[in-house]
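What the coordinates show
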Amino acid sequence: MQLGLIGLGKMGGNMRERIRRAGHTVIGHDRNPDVSDVGSLAELVERLDAPRTVWVMVPAGGATQSVVDELADLLAAGDTVVDGGNSRWTDDEKHAEELGAKGIGFVDAGVSGGVWGLENGYALMVGGDKAHVDRLQPIFDALKPEGPYGYVHAGKVGAGHFSKMVHNGIEYAMMQAYAEGWELLEAVDSVTDVREVFRSWQEGTVIRSWLLDLAVNALDADEHLEKLRGYAADSGEGRWTVEAAIDNAVPLPAITASLFARFASRQGDSPQMKMVAALRNQFGGHAVESSKG
């Protein structure tokens with residue numbers, strides 16, 4: 001199958017490679033000419049056979065809207081656009097309506113896997129009409145992890161990004177819990193090897209997880225996280241999760257508290273946020289700030 005892929009950063013570049021390894025043709029475009037296969041979106045569209053599929057992996061908001069607007073003028077009826085970035089689900093509904101007016105299909109795909117996805121596969125949460133989703137199944141199969149899990153057609157347009165948003169909200173709360181436990185262990189005199197306590201939890205405990213494994217990786221690299229500043233950014237999806245909870249009168253105390261904890265981290269050097277920052281760097285390659293000490 002042929003695929004156009006726009007945005008070849010940490011996620012998009014590895015996705016291109018994984019899809020190619022599965023035997024598909026991927027034509028990529030990026031603002032960085034060193035990684036781009038073509039010089040423009042127009043050239044990308046020209047090199048694809050109809051019906052075309054173009055997957056967008058650019059930042060949410062204005063950047064995605066700009067690409068969708070340009071593709072609306074370049075593509076034709078029967079083609080399909082996939083938004084695999086972290087767009088807000090309400091934007092998906094708008095994009096589907098705009099493209100649908102020209103006969104162009106739209107699918108939203110929440111993608112999780114970070115910098116590890118090339119080797120481990122990407123969890124995919126997909127929204128859109130069944131006919132559009134089914135045509136893309138070979139690409140989804142190439143990206144997903146081996147085995148029966150890691151892919152879901154979650155529902156209609158917007159369902160993929162809504163599901164990914166909730167996934168990230170849960171991720172916020174899980175990271176916060178590990179971070180709080182780590183700070184408490186570091187604070188007492190009786191526990192002399194906090195890193196090995198975390199490592200002991202990796203097998204046989206109910207809190208073992210990939211995030212716990214990544215926490216151990218981070219502690220192996222910097223045992224007391226002394227090289228990091230206790231500052232953690234938020235991607236926006238945690239905020240959207242809390243907003244959706246308010247709109248639907250669903251109580252989310254743990255997720256909401258974890259979001260507010262990140263806000264608190266920007267007011268000083270929070271020990272807990274050292275762990276959250278380390279975990280975000282481990283799974284997603286997100287930037288960290290160095291300690292001034």
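In short, a report on the structure. Along each chain, the written sequence defines residue order, and numbers are assigned to residues from 1. Reporting of local features is limited, given that this is a predicted model, to residues whose pLDDT is at least 70; pairs of side-chain atoms are given and counted only at 80 or more, and all residues count toward the totals for whole chains, interfaces and linings. To get the side-chain values, all heavy atoms of the structure are used, and hydrogens and water are removed first.

1. A few points about unusual backbone geometry
In this structure, Pro51 follows Ala50 across a cis peptide bond, with omega equal to -5 degrees. The numbering of helices and of strands both runs from the N terminus, where a helix is a DSSP run of H or I of at least 4 residues and a strand a run of E of at least 2. By secondary structure assignment, the location of Pro51 is in the loop between α2 (41-46) and β3 (53-56). Phi at Ala249 takes a positive value of approximately 55 degrees, unusual for a residue other than glycine. Topologically, Ala249 is positioned in the loop between α11 (237-247) and α12 (253-265).

2. Re the packing of aromatic side chains
Side-chain rings of Phe, Tyr and Trp, where Trp is taken by its six-membered ring, are said to pair if the distance between their centres is within 6.5 Å; with planes under 30 degrees apart they count as stacked, over 60 as edge-to-face, and otherwise as tilted. The tally for this structure, following the rule as stated, stands at six aromatic pairs. Ring centres of Trp116 and Trp210 lie 6.2 Å apart, and the angle between their planes is 85 degrees; on these two criteria the pair is classed as edge-to-face. With a gap of 94 residues between them, Trp116 in the loop between β5 (105-112) and α5 (117-120) and Trp210 in helix α10 (residues 210-221) connect regions that are remote in the sequence. Ring centres of Phe198 and Trp201 lie 4.9 Å apart, and the angle between their planes is 35 degrees; on these two criteria the pair is classed as tilted. Remark: exposure states derive from per-residue accessible area (1.4 Å probe, protein chains only) relative to the maximum for the residue type, with buried under 20%, exposed over 50%, and partly exposed in between. Residue Phe198 is classed as buried on the basis of its relative accessible area, which comes to 0%. Owing to a relative accessible area of 23%, Trp201 belongs among the partly exposed residues under this scheme.

3. Focus on the nonpolar core
Formed by 24 residues in total, the largest nonpolar core has its most connected members in Trp182, Phe198, Leu225, Met275 and Leu279. Those elements that place two or more of their residues in this core are α8 (159-187), α9 (194-200), α10 and α13 (271-284). Leaving out residues up to four positions away in the same chain, Met275 has contacts with Ala179, Trp182, Phe198, Ala215, Leu219 and Leu225. Among buried residues, those of type Ala, Val, Leu, Ile, Met, Phe, Trp, Tyr and Cys that are joined through side-chain atoms within 4.5 Å constitute a nonpolar core. Contacts are assigned to residue pairs with any non-hydrogen atoms lying within 4.5 Å of each other.

4. Quick notes on the sheet that holds β3
By the convention used here, strands pair only if DSSP detects at least 2 bridges between them. Reading across from one edge, β2-β1-β3-β4-β5-β6-β7 is the order of the seven strands in this open sheet, with mixed pairing throughout. Strands at the two margins of the open sheet, each flanked by one partner only, are β2 (25-29) and β7 (151-155). The sheet shows a mean angle of 25 degrees between the axes of neighbouring strands, taken without regard to direction. In this structure, strand β1 (residues 2-6) lies alongside β2, joined through five bridges in parallel fashion. Across the sheet, the residue bridging to Leu3 is Val26, located in β2. With axes taken as lines fitted to C-alpha atoms, and helix axes fitted only over the stretch in contact, angles between N-to-C directions fall between 0 and 180 degrees.

5. Here we look at α10
A helix is expected to span 1.5 Å for every residue after the first. Across its twelve residues, α10 extends 17 Å between first and last C-alpha, which sits within 8% of the 16 Å expected from 1.5 Å per residue. Along α10, the residues that are buried comprise Leu211, Leu212, Leu214, Ala215, Val216, Ala218 and Leu219. In this structure, the buried residues of α10 make contact with α8, α9 and α13. At the N-terminal end of α10, a side-chain oxygen is found 3.3 Å from the backbone nitrogen of Leu211, two or three residues along, and the residue is Ser209. By the criterion applied in these results, polar contacts are pairs of N or O atoms within 3.5 Å in which, for protein atoms, one can donate a hydrogen and the other can accept it, and in which residues neighboring in sequence qualify only through two side-chain atoms.

6. Structural notes on the packing of α8 against α10
Closest axis-to-axis distance for the α8/α10 pair is 11 Å, and the angle between their directions is 45 degrees. If you check the angle between α8 and α10, you find them oblique. The two elements α8 and α10 meet at a crossing, and its hand is right-handed. When α8 is examined against α10, the residues Met174, Met175, Tyr178 and Trp182 are found in contact with a partner set consisting of Leu211, Leu212 and Leu219. Under this grouping Gly is polar, as are all residues other than the nonpolar Ala, Val, Leu, Ile, Met, Phe, Trp, Tyr, Cys and Pro and the charged Asp, Glu, Lys and Arg. Across the contact of α8 with α10, the residue classes tally to seven nonpolar, no polar and no charged. Small angles under 35 degrees read as roughly parallel and large ones over 145 as roughly antiparallel, with 65 to 115 read as roughly perpendicular and the rest as oblique. A crossing counts as left-handed when the near helix is turned anticlockwise from the far one by less than a right angle, and as right-handed when that turn is clockwise.

7. Description of the packing of helix α3 (residues 62-74) against helix α4 (residues 89-100)
At a minimum axis separation of 10 Å, α3 and α4 run at an interaxial angle of 15 degrees. By the angle class used here, α3 and α4 are roughly parallel. Viewed along their axes, α3 and α4 form a crossing whose handedness is right-handed. Touching Thr64, Gln65, Val68, Asp69 and Ala72 of α3 are Lys94, His95, Glu98 and Leu99, all from α4. Its residues assigned to classes, the contact of α3 with α4 shows three nonpolar, three polar and three charged.

8. What to know about the pairing of β5
Among the eight residues in β5, eight count as buried, and that is most of the element. Taking every second residue as pointing to the same face, both faces of β5 are buried, with Gly105, Val107, Ala109 and Val111 on one and Phe106, Asp108, Gly110 and Ser112 on the other. Taken together, the four bridges between strand β4 (residues 80-83) and β5 define a ladder with parallel strand orientation. Within the sheet, the bridge partner assigned to Asp83 lies in β5 and is Asp108. For the segment spanning β4, α4 and β5, crossover handedness is right-handed. Both β5 and strand β6 (residues 123-127) contribute to a ladder of five bridges, which runs antiparallel. Across the sheet, Gly110 pairs through a bridge with Met125, a residue of β6. When the strands point away from the viewer and the connection leading from the first strand across the helix to the second strand turns clockwise, the crossover is called right-handed.

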